[in-house]
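# Descriptive structure summary
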Amino acid sequence: MRAYTSYKDIVKLLNKVNSIGLVPTMGSLHDGHLSLIKRASIENEKVIISIYVNPKQFNNTSELKKYPRDIKNDLKMLKTFNNIIIYAPNDSDVYEKGEIIKKYEFGQILKIMEGKQRPGHFDGVATIIEKLLKMFKPNNAYFGEKDFQQILLVKILVKELKLDLNVISCQTIRESDGLAMSSRNKFLNKYERKSASQLIILLTKAKKMYNTSSSEAIRDIIFKDAMSIDNFQLEYFEILNISNLLNFFEYKNEIRAFIACKIGNTRLIDNIRI
Ligand code: PAF
């Protein structure tokens, strides 16, 4: 299977295609990605899968260096799909030399949680997504709900740029013990992996308490519980009514619990709907 490094070569293949799906990834594919790709390949005539570790969304060079990369295995995992095109560019196909990324002003929703903890991260994500959307002009773009704040960013971006496409959010795929699939999970040793399985337990506890306790009381309990988990450093826990932050009809009355933690040296995030 061929991976194209030049977007211009791909654009030539899209001439007479009726519907184009886009699944942006940073590679190191797992079943979570495969579920997006399966859905996209059913819903579109052709699907572009980008595999690119976008340097502009890392606010820390050591994180960028250690981000897992395994293109050989990625291609192996994609072998069974017959309507996909893989875009695995070098930096020079995406960015001009010395290109300075844009600063996006997307309001409060991007200043909290990941936006607060990782300054510049969402500018980097918006930059690469804007580029991919403009390169390939997809009808549908697919994103996983583990990165829920990222989906909100993409929806705002598409609205602001007045692009004509559907941003499709897909359910988080979990391991059998509930840990959300993530390329970073492979960094966890067996003790850390056990601690990581507590993320979903904390979120589920918060969900159960929601009808009878205030968000502040839940937060206190979650922070207390987190302290007793080995190697577990809770970064944030939030319960948010999405419609208070973003006036999109589809999020009317949608309440979610969000969590981020560091387990050893590995940072993990997750969220569930309440
Ligand atoms: O979620 C990711 O893997 C990345 O943020 C994305 C959307 C591929 C942009 O680089």
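A short tour of the structure in this document, coming up.

Calculation criteria
Residues numbered from 1 in each chain as written. Predicted model: local features only at pLDDT ≥ 70, side-chain atom pairs only at ≥ 80, totals over all residues. Heavy atoms only, no water. Phe/Tyr/Trp six-rings, centres within 6.5 Å; stacked < 30°, edge-to-face > 60°. Helix = DSSP H or I, 4+ residues; strand = E, 2+ residues; numbered from the N terminus. Buried < 20%, exposed > 50% of the residue type's maximum accessible area, 1.4 Å probe, protein only. Near = heavy atom within 4 Å. Polar contact = N/O pair within 3.5 Å; in protein donor to acceptor, adjacent residues only side chain to side chain. Nonpolar A, V, L, I, M, F, W, Y, C, P; charged D, E, K, R; others polar. Expected span 1.5 Å × (residues − 1). Contact = heavy atoms within 4.5 Å. Pairing = 2+ DSSP bridges. Axes fitted to C-alpha atoms, helices over the stretch in contact; angles between N-to-C directions.

Throughout the structure, instances matching the rule amount to five aromatic pairs. Judged by centre distance (5.3 Å) and plane angle (75 degrees), the rings of Y87 and F136 are edge-to-face. Of this pair, Y87 sits in strand β4 (residues 84-87) while F136 sits in helix α7 (residues 121-136), placing them 49 residues apart in sequence. Neither Y87 nor F136 differs from the other in exposure class; each is buried. Ring geometry for F148 and Y251: centres 5.8 Å apart, planes at 70 degrees, overall edge-to-face.

P24, T25, M26, N54, Q57, I128, I129 and Q150 make up every residue found near the ligand. Between Q57 and the ligand, the recorded distance is 2.6 Å, taken from a side-chain N or O atom to an oxygen atom. In the model, an oxygen atom of the ligand is placed 2.7 Å from a nitrogen or oxygen of the Q150 side chain. Of all elements in the fold, only β2 (20-25) and α7 reach the threshold of two or more residues within the shell around the ligand. Across the shell around the ligand, the residue classes tally to four nonpolar, four polar and no charged.

Attention now goes to helix α2 (residues 31-43). A rise of 1.5 Å per residue sets the reference length of α2, with its 13 residues, at 18 Å; its end C-alpha atoms lie 18 Å apart and thus fit the reference within 8%. All buried positions along α2 are accounted for by G32, H33, L34, L36, I37, A40 and S41. Those residues of α2 that are buried lie in contact with β2, β3 (46-51), α4 (71-77), β4, β5 (140-144) and β6 (166-170).

Take the sheet that holds strand β7 (residues 232-241) next. The sheet built from three strands is open, its strands ordered β7-β8-β9 with antiparallel pairing. This sheet does not close on itself; its edge strands, each paired only once, are β7 and β9 (266-273). Going from strand to strand, the sheet's axes swing by 15 degrees on average, the running direction of each strand aside. Bridge count for β7 against strand β8 (residues 255-263) is nine bridges, and the pairing is antiparallel. By the bridge assignment for β8, I239 is matched with A257.

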